[in-house]
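Chain residues, written in single-letter form:
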Amino acid sequence: MIGLWANGYRTSTSQPGHHQTALQVLPKTLGLERDVVIVLDALRKQRNLNDYEGDPISDSAVTECCKQAAFLLDHTQTWLRRNRPELLASKAQP
């Protein structure tokens, strides 16, 4: 979602599919490699199966999800520093 927002786009979070949309556009919004998006989308599908069907998630999938989340956070922070540093500026409260 940050990738979309930082580029001036919004998704309707009340509509189905907004997570999938946010993932699919990561190559355009944050310059993420398509191979990484494929892995993230597979993990999203597993989460959906767990949430909506009750399918269990393997320990290896959880480990991979944590690894990918850390990578995506780092990539996003780097992209923001390079492309939209004003979004990282903290606002001091009086």
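Keep in mind the model is a prediction, meaning the values are calculated, not measured. (Residues numbered from 1 in each chain as written. Predicted model: local features only at pLDDT ≥ 70, side-chain atom pairs only at ≥ 80, totals over all residues. Heavy atoms only, no water.)

Peer 1: What's the story with the layout of surface pockets in this structure? I'm lost.
Peer 2: Picture a little ball the size of a water molecule; that probe, rolled over the atoms, points out where space is still empty. In this structure, the largest pocket occupies an estimated 590 Å³ of space. Lining the largest pocket are 24 residues, and of these L23, L40, R44, A69 and L72 sit closest to its centre. When contributions to the lining of the largest pocket are tallied by element, the ones reaching two or more residues are α1 (2-6), α2 (18-24), α4 (34-53) and α5 (59-83). Along the lines of polarity and charge, the residues of the lining of the largest pocket split into 16 nonpolar, six polar and two charged. (1 Å grid on protein atoms, 1.4 Å probe; cavity = no way out; pocket = protein on both sides within 12 Å on 5 of 7 lines; lining within 4 Å. Points joined across faces, edges and corners; volume = space filled by probe spheres on them. Helix = DSSP H or I, 4+ residues; strand = E, 2+ residues; numbered from the N terminus. Nonpolar A, V, L, I, M, F, W, Y, C, P; charged D, E, K, R; others polar.)

Peer 1: Help me understand the environment of H75 in this model?
Peer 2: With respect to the helices and strands, the residue H75 is situated in helix α5. The sequence separation of H75 and T11 amounts to 64 residues, and the corresponding C-alpha distance is 21 Å. Apart from the residues within four sequence positions on either side, H75 is in contact with L30, G31 and L32. (Contact = heavy atoms within 4.5 Å.)

Peer 1: Please clarify how the pattern of salt bridges should be interpreted in this entry.
Peer 2: For side chains of opposite charge, pairing can occur when their charged atoms come near one another. What the rule picks out here adds up to four salt bridges. Between K45 and D41 there is a salt bridge whose closest N-O contact spans 3.7 Å. Of the two residues, K45 and D41 both sit in helix α4, four residues apart, roughly one turn of that helix. Linking E64 and K67 is a salt bridge whose minimum nitrogen-to-oxygen distance equals 3.9 Å. In this pair, E64 and K67 are both assigned in helix α5, three residues apart and thus about one turn of the helix distant. Look at E64 and you get partly exposed, because its relative accessible area is 26%. On the basis of relative accessibility, which here comes to 54%, the residue K67 falls in the exposed class. Bridged by salt links that share partners, the residues D41, R44 and K45 form one connected network. (Salt bridge = Lys/Arg side-chain N within 4 Å of Asp/Glu carboxyl O. Buried < 20%, exposed > 50% of the residue type's maximum accessible area, 1.4 Å probe, protein only.)

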